[in-house]
Amino acid sequence: QVRLAESGGGLVQAGGSLSLSCTASPPRTTSNNAMGWFRQAPGNEREFVAAIRWRGGNTKYADSVKGRFTISRDNAKNTVSLQMNSLKPEDTAVYSCAVARGPIETMYLNDYQYWGQGTQVTVSS
């Protein structure tokens, strides 16, 4: 069983930045899988934010965050990160990381098999 733990959420003013991190355990359990970030705001469905291939750096982003967010991973450390810049109030949500069933980055919820509990990101106007 893969466990995911997110960190780095918090409160920030609009225009500010936050960096989220997600660590998977046990070690080396996600090295061959794509990983992604999703978010869910109150009253909304969970939505795709970003994903990254198991290696090689290929990424995919939601249009709403393209150019502002950057996903990266370190397979040696079993971590995936999300750098969020130029944050907007509409970015407020619980952000969760997830491990895909396969190696290719994907935006579809059903392609992911393991999920973290999430970390709250709040952007004030």
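**Student:** Outline the overall build of the chain, supporting the account with residue identities and numerical values.
**Tutor:** Across its full length, the chain carries 0 helices and 11 strands. The N-to-C order of helical and strand elements in the chain reads β-β-β-β-β-β-β-β-β-β-β. If you line up the chain on its principal axes, its C-alpha atoms span 40 × 25 × 25 Å. Looking at the chain as a whole, 42% of its 125 residues qualify as buried. Long-range pairs, those at least 24 residues apart, make up 59% of the contacts in the chain with a sequence separation of at least 6.

**Student:** How would you explain the pattern of salt bridges if you had to name every residue and give the values?
**Tutor:** Using the criterion set out here, one finds 5 salt bridges in the structure. One salt bridge in this structure joins Glu47 and Arg39, with 2.6 Å as the shortest N-O distance. Residue Arg39 is classed as buried on the basis of its relative accessible area of 6%. Between Arg53 and Glu105 there is a salt bridge whose closest N-O contact spans 2.7 Å. One end of the pair, Arg53, is in the loop between β5 (47-52) and β6 (59-61); the other, Glu105, is in the loop between β9 (93-100) and β10 (112-115), and 52 residues separate them in sequence. Residue Arg53 is classed as partly exposed on the basis of its relative accessible area, which comes to 23%. Here Glu105 falls in the buried class, since its relative accessible area comes to 11%. Through salt bridges with shared partners, a single ionic network connects Arg39, Glu47, Arg68 and Asp91.

**Student:** Which residues make up the environment of Arg68, and what values go with them?
**Tutor:** Its place among the elements puts Arg68 in the loop between β6 and β7 (69-74). The class of Arg68 is buried, set by a relative accessible area of 11%. As for Arg68 and Ser17, which are separated by 51 residues in sequence, their C-alpha atoms are 9.5 Å apart. From its side chain, Arg68 meets the backbone oxygen of Ser64 in a polar contact 2.8 Å long. Here the side chain of Arg68 touches Asp91 through a polar contact of 2.8 Å, side chain to side chain.

**Student:** Now, about the nonpolar core: what can you tell me, with residues and values included?
**Tutor:** Ranked by size, the top nonpolar core spans 35 residues in total, and within it Trp37, Leu82, Met84 and Tyr95 carry the most contacts. Every element with two or more residues in this core is listed here: β3 (18-25), β4 (35-40), β5, β7, β8 (79-84), β9 and β11 (119-124). At 6 residues, β9 tops the list of elements feeding residues into this core.

**Student:** Residue-level account of the environment of Tyr114, with values.
**Tutor:** Positionally, Tyr114 belongs in strand β10. For Tyr114, a relative accessible area of 22% translates into the label partly exposed. A sequence separation of 30 residues divides Tyr114 from Met84, and the C-alpha atoms of the two residues are 23 Å apart. Apart from residues no more than four positions distant in its own chain, Tyr114 is found in contact with Gln1, Val2, Leu4, Cys97, Ala98 and Val99.

Calculation rules
- Residues numbered from 1 in each chain as written.
- Predicted model: local features only at pLDDT ≥ 70, side-chain atom pairs only at ≥ 80, totals over all residues.
- Heavy atoms only, no water.
- Helix = DSSP H or I, 4+ residues; strand = E, 2+ residues; numbered from the N terminus.
- Buried < 20%, exposed > 50% of the residue type's maximum accessible area, 1.4 Å probe, protein only.
- Contact = heavy atoms within 4.5 Å.
- Salt bridge = Lys/Arg side-chain N within 4 Å of Asp/Glu carboxyl O.
- Polar contact = N/O pair within 3.5 Å; in protein donor to acceptor, adjacent residues only side chain to side chain.
- Core = buried A, V, L, I, M, F, W, Y, C linked by side-chain atoms within 4.5 Å.

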